[in-house]
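Topology and contacts: notes
One-letter residues, chain by chain:
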Amino acid sequence: MRKTFIAGNWKMYKTPAEARALAEELKSALKGCKHKVLIAPSFTALDAVSSVVKGSNILLGAQNMSNVEEGAHTGETSVLMLKAIGVDVVILGHSERRHVYGETNEVINQKVKLALSHGLEVILCIGETLEEREAGRAEEVVKKQTEAGLKGVSEDQLKDVTIAYEPVWAIGTGKTATPEDADQIHQVTRDTVKNIYSADAAEAMVIQYGGSVKPENAAQLMSMDNIDGALVGGASLKVDLFLPIAEYDK
Ligand code: 13P
């Protein structure tokens, strides 16, 4: 039985003081939550949020990291820095990183391997653009992103990997994939994991859905067989929206 995993990606919102206040509220609101829960503030708020969630049931996530361990890389943040600040999980390959900042499958794979080798958990994001979906290429794209993202990752390391399917056209747009369409892509993703690794690895893989997840659609999406949680953007910035999603009862 896979554990439901709900993650809030705060993107480029909240100053450290605002992030601390939101984290404090969530900490008390989510005290009895039976799911795995993560919040991922921006880099500048990680330290403040780390001190709030330390010792609680909320995991601390980062939204990105450098593909190299350390060095002359102006403006980058290293895996060592994330570890030192108490980060548990790093979100990698988010569509905004892929499509706005030009991250390739190869660079994302380097990041995945580096994070895992340092004991961080990874949420590997995959998802097709509208153009790719309309061209009937959604399955091919997510299969390729999954294979490329996990290249060189051992089956043993896979226990620290979550995959998040986020169709690019559904992010921040208010459009959501239907539960059936999302479940279909999740199945393709699970089959891809099975082909690379094993039936056991595929069965154990937690696959989140992301893209305009709201309290109104969360239960329907997560009730699908292959949808094991949610990666939430906009709705994770408000306690009254994030709470009903995080408390969903499968
Ligand atoms: P929204 O929930 O705002 O559509 O964002 C989804 C997302 O990109 C989470 O990583």
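Parameters and conventions
- Residues numbered from 1 in each chain as written.
- Predicted model: local features only at pLDDT ≥ 70, side-chain atom pairs only at ≥ 80, totals over all residues.
- Heavy atoms only, no water.
- Helix = DSSP H or I, 4+ residues; strand = E, 2+ residues; numbered from the N terminus.
- Contact = heavy atoms within 4.5 Å.
- Salt bridge = Lys/Arg side-chain N within 4 Å of Asp/Glu carboxyl O.
- Buried < 20%, exposed > 50% of the residue type's maximum accessible area, 1.4 Å probe, protein only.
- 1 Å grid on protein atoms, 1.4 Å probe; cavity = no way out; pocket = protein on both sides within 12 Å on 5 of 7 lines; lining within 4 Å.
- Points joined across faces, edges and corners; volume = space filled by probe spheres on them.
- Nonpolar A, V, L, I, M, F, W, Y, C, P; charged D, E, K, R; others polar.
- Pairing = 2+ DSSP bridges.
- Axes fitted to C-alpha atoms, helices over the stretch in contact; angles between N-to-C directions.
- Parallel < 35°, antiparallel > 145°, perpendicular 65-115°, else oblique.
- Left-handed = near helix turned anticlockwise from the far one by under 90°.

Relative to the elements of secondary structure, Thr 192 occurs in helix α8 (residues 179-196). Contact partners of Thr 192, with chain neighbours within four places excluded, come to Lys 143, Thr 146 and Glu 147.

Per the stated rule, a full pass over the model turns up 12 salt bridges. One salt bridge in this structure joins Arg 2 and Asp 228, with 2.9 Å as the shortest N-O distance. You can see Arg 2 sitting in the segment before β1 (5-9) and its partner Asp 228 sitting in the loop between α10 (215-222) and β8 (229-232), a full 226 residues away along the chain. Note on accessibility: Arg 2 and Asp 228 belong to one class, buried. Residues participating in the shared-partner salt-bridge network are Arg 2, Arg 190, Glu 203 and Asp 228.

This brings us to the layout of surface pockets. Its boundaries defined by the atoms lining it, the largest pocket holds a volume of some 460 Å³. Residue lining of the largest pocket: 13 residues in total, with Lys 11, Met 12, Gln 63, Arg 97 and Tyr 101 positioned closest to the centre. Residue composition of the lining of the largest pocket, grouped by class: five nonpolar, five polar and three charged.

With that settled, the discussion passes to the sheet that holds strand β3 (residues 58-62). Spatially, eight strands are ordered β1-β2-β3-β4-β5-β6-β7-β8 in a closed barrel, and the strand pairing comes out parallel. Along the sheet, successive strands turn relative to each other by an average axial angle of 25 degrees, direction set aside. Each of β5 (121-126), β6 (161-165) and β7 (207-210) touches α8; the most contacted strand, β7, lies at about 145 degrees to it. Against the sheet, helix α11 (residues 239-246) touches β1, β2 (36-40) and β8, its axis set at about 160 degrees to β1.

On to the packing of helix α1 (residues 16-29) against helix α2 (residues 43-53), then. Each pair of packed helices can be described by the angle between their axes along with the distance between the axes. For the pair α1 and α2, the least separation of the axes is 8 Å and the interaxial angle reads 30 degrees. Classified by the angle their axes make, α1 and α2 are roughly parallel. By crossing handedness, the relation of α1 to α2 is classed as right-handed. Of the residues in α2, those touching α1 at Pro 16, Ala 19, Arg 20, Ala 23, Glu 24 and Lys 27 are Thr 44, Ala 45, Ala 48, Val 49, Ser 51, Val 52 and Val 53.

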